[in-house]
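Here is how the chains run, residue by residue.
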Amino acid sequence: MRRFIATNEHNKGRDVAIIGGGIGGLTAALAFARSGADVTVYEQAAALTEVGAGLQITPNGARALNALGIDKALAATGLVAQAVAPMDALSGQRITRFDLSTQTPQYRFFHRAALIDILARGCAAANVTVRLGMRIVDLQADGSFSVDGARVRPDLTIGADGLHSVVRSHLNKPAAPFFTGQVAWRAMIKTDAAPPVARIWMAPGRHMVTYPLSKDRLNIVAVQERIAWAAEGWHHADDPGNLRQVFADCSWEVKSILGAVENVNLWGLFRHPVAPNWHVGSIAILGDAAHPTLPFLAQGANLAIEDAYVLARCCGEASSVEAGLKAYQGLRRARVVKAIAAANSNARNYHLSGVPRMVAHTGLRAMGAVAPGAFLGRLAWLYDHDVTG
Ligand SMILES: Cc1cc2nc3c(=O)[nH]c(=O)nc-3n(C[C@H](O)[C@H](O)[C@H](O)COP(=O)(O)OP(=O)(O)OC[C@H]3O[C@@H](n4cnc5c(N)ncnc54)[C@H](O)[C@@H]3O)c2cc1C
């Protein structure tokens, strides 16, 4: 395994401010701190925390995290994913099963809060300062902003402030995120030992992904196509009955999983186009701030982790911050655009109906029977990518 970062001497002593303490911001904090920068994270929330839900960390993201020196903590947490299994939600039949056990590093299922905790501990060990309850609103063109009435002027200011990024609006034409025509419920249920398999239960206009987070907890993300998002705010608690109703025509397996849901939250899935500008002067953006994606390839956090690593490496290797930021966008943009297109096309394929659905399921079954390696072969561009190389 490669270790961060022998050649990054230009980060040494640099004053780096990171706005946002989510997965992308904390990974960036760790990467810059490991290469000698003085890092401060400004997070608006009162605590470093995440929604109570699961997260799939695929080998491409794991490679970057491992190289940042948190590999042991990661290996001791989460579950190693054995397979992904496309399912027919209407009949309950498994369509096929694609083996993930050969993946190196391992593909894992995490509780989000556990991953944030590992990153936060890594940051603390690397002397990152985390300032909580700090909402940054008045960023200036020179990368400065005010904190407690005083002006802060870092050498580098990074916006890791998510979908509603103020830093993105600073670097690009301000625009509201658009509704993608999909909503997602997230829930967790108690279960008897579920195998470490991600099941994708597909039905016309909807799908549900289930995977375990521990021996007795199953994570559920259920998605439905909708014309509009009418609720106030981006997400809210919903009645589990509404979720059950949406999948009421599905198999008993699906209904029994949803029957166990006691609490559920409903998200409108919003996006921006990939930002044209990821940097200006000494300011940059990463993760959802630069390129929010639909979650149907499980890559939003993985791409944010890759961004963070590449950003720190580029800034460490270039002779000026501006040159480092330019190299960063140059290395990242095309890959991110490709991943987002793949997530969009999964959305279409999961929700097919009628003859196209039958044809697609037959194709998957044939691939699983005749060329099971083809599934991972098609995703090699994604999972085999090595930002530490
Ligand atoms: C249903 C669903 C399932 C998903 N599953 C997966 C998966 O399995 N795998 C995967 O890789 N991705 C997944 N994703 C995507 C992933 O959650 C996001 O892409 C990822 O969390 C983005 O990380 P981020 O750090 O860029 O932004 P965020 O996680 O949004 O973090 C932004 C942080 O910035 C803070 N902040 C915002 N504004 C300010 C401000 N002005 N000042 C200070 N702080 C501020 C916020 O409080 C927050 O802590 C999923 C998404 C959804 C909706």
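Not measured: the values here are computed from a predicted model.

### Remarks on the sheet that holds strand 13 (residues 197-203)
Backbone hydrogen bonds are what pair the strands of a sheet, in a parallel or an antiparallel way.
Consideration 1: Spatial strand order, 6-5-13-14-15-12-17-16: eight strands in an open sheet with mixed pairing. Looking at strand neighbours, the two that pair on one side only are strand 6 (98-99) and strand 16 (235-238), the edges of this open sheet.
Consideration 2: By the bridge criterion, five bridges tie strand 13 to strand 14 (residues 206-214) in an arrangement that is antiparallel. From the neighbouring strand, Ala203 faces strand 14, where its bridge partner is Arg206.

### Let's talk about helix 2 (residues 59-75)
Consideration 1: With 17 residues, helix 2 extends only 13 Å from end C-alpha to end C-alpha; this falls clearly short of the ideal 24 Å at 1.5 Å per step.
Consideration 2: Counting buried positions over the 17 residues of helix 2 gives 12, a clear majority of the element.
Consideration 3: Among the residues of helix 2, those classed as buried are Pro59, Asn60, Gly61, Ala62, Arg63, Ala64, Leu65, Asn66, Ala67, Leu68, Ile70 and Leu74.
Consideration 4: Where helix 2 is buried, its residues touch helix 1 (23-34), strand 3 (54-57), strand 7 (108-111), helix 3 (112-125), helix 7 (300-317) and helix 11 (380-383).

### Examining the sheet that holds strand 4 (residues 79-80)
Consideration 1: Ordered by their spatial adjacency, three strands build an open sheet running 3-7-4, and the pairing between neighbours is antiparallel. Edge positions in the sheet fall to strand 3 and strand 4, since each of these pairs with one other strand and no more.
Consideration 2: Of the pairings in the sheet, the one linking strand 3 to strand 7 comprises four bridges and is antiparallel in character. Directly across from Gln56, in strand 7, lies its bridge partner Phe109.

Procedures and definitions
- Residues numbered from 1 in each chain as written.
- Predicted model: local features only at pLDDT ≥ 70, side-chain atom pairs only at ≥ 80, totals over all residues.
- Pairing = 2+ DSSP bridges.
- Helix = DSSP H or I, 4+ residues; strand = E, 2+ residues; numbered from the N terminus.
- Expected span 1.5 Å × (residues − 1).
- Buried ≥ 20, exposed ≤ 12 C-beta atoms within 10 Å, placed from the backbone.
- Contact = placed C-beta atoms within 7 Å.

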